[in-house]
Amino acid sequence: MKAQFDTKGKSRLVLSEINVTPFVDVMLVLLVIFMVTAPMLQQGIDLSLPEARSSGTPPPGDPFILKIKKNKKIYLGSQVVPLKTLSPKLAAIFKNKPHRGIYVQADKSLPYGFVARTLGEIKASGIIHINLVTTTK
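This section reports on the structure supplied with the text.

Rules behind the numbers
Residues numbered from 1 in each chain as written. Predicted model: local features only at pLDDT ≥ 70, side-chain atom pairs only at ≥ 80, totals over all residues. Heavy atoms only, no water. Buried < 20%, exposed > 50% of the residue type's maximum accessible area, 1.4 Å probe, protein only. Helix = DSSP H or I, 4+ residues; strand = E, 2+ residues; numbered from the N terminus. Pairing = 2+ DSSP bridges. Axes fitted to C-alpha atoms, helices over the stretch in contact; angles between N-to-C directions. Contact = heavy atoms within 4.5 Å. Expected span 1.5 Å × (residues − 1). Arc of directions from axis to C-beta. Right-handed = clockwise from strand over helix to strand, strands pointing away.

### Things to note about the pairing of strand 4 (residues 65-68)
With burial as the criterion, only one face of strand 4 is covered, namely that bearing Leu66 and Ile68; the residues Ile65 and Lys67 on the opposite face remain uncovered. Relative to strand 7 (residues 101-106), strand 4 runs parallel, the two being bridged by four bridges. Of the residues in strand 7, the one forming a bridge with isoleucine 68 is alanine 106. Where strand 4 and strand 5 (residues 74-76) come together, three bridges link them in antiparallel fashion. Paired with isoleucine 68 across the bridge in strand 5 is isoleucine 74.

This is the structure we're talking about:
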C-alpha cells in the first residue's frame, strides 16, 4: 500500500510494506550453521560389530543395550561399568521390569573369553533374554 504525504510542498511516496530479505538471510545462515554442526553432535561408542549371515530380528522400540569396546570397557548407555560390578548394577536396573531382555554389542576384536565372562555376569543378574547384535554381510 502506498501513501502520499506533503511536507513543505514536497510530495513524497512512503512504502508500508515489510522487507523480509534480511529475515530470509538470517534464516538461511542459521540453516547452514545447523546443517554443519548437526553431524558433529552425534555421540556414540565406536564399535566394529562382527558380521553374520543374518542379523535376526530388529530390537523393539527402545531396547536396553550394553556395549563392549575393544579396550574391554563395558558401557551401559554412556556410563562405564567395571565387569565385577556389572551383575549387581543390572539386577538393580531390571528389578521392576517385566521384560528382562538385553542387547549386547561387542567389538569383534574382543577375546571370546572376555565376552563369555560378560555374558555370565549378565546371566547372573537375572536377565533372561540376552541378544547379541551383529551386522549383516
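### Here we look at the sheet that holds strand 7
Pairing between the strands of a sheet is mediated by backbone hydrogen bonds and can be parallel or antiparallel. One open sheet holds the five strands; their spatial order is 6-5-4-7-8, and the pairing between them is mixed. Looking at the sheet topology across the chains shown, the edges are occupied by strand 6 (79-81) and strand 8 (129-132). Strand after strand, the sheet turns through a mean of 30° between neighbouring axes, direction not considered. Along the sheet, helix 2 (residues 86-93) contacts strand 4, strand 5, strand 6 and strand 7; its crossing angle with strand 5, the most-contacted strand, is approximately 15°.

### A few points about helix 3 (residues 112-124)
Quick reminder: α-helices carry 3.6 residues per turn. Residues three or four places apart thus point the same way. Here helix 3 spans 18 Å end to end across 13 residues, near enough to the 18 Å set by a 1.5 Å rise per residue. If you check which residues of helix 3 are buried, you get Phe114, Val115, Thr118 and Ile122. Across the axial projection of helix 3, the buried residues extend over an arc of 100°, all falling on one side. What points out from helix 3, more than 90 degrees from its buried face, is the exposed set Tyr112 and Ala124. Just past helix 3, the residue glycine 126 takes up positive phi, approximately 100°.

### Overview of the pairing of strand 8
Here four bridges tie strand 7 to strand 8, and the two strands are oriented parallel to one another. Along strand 8, the bridge assignment pairs valine 104 with leucine 132. For the crossover from strand 7 across helix 3 to strand 8, the handedness is right-handed.

The analysis is restricted to geometry; functional conclusions fall outside its scope.
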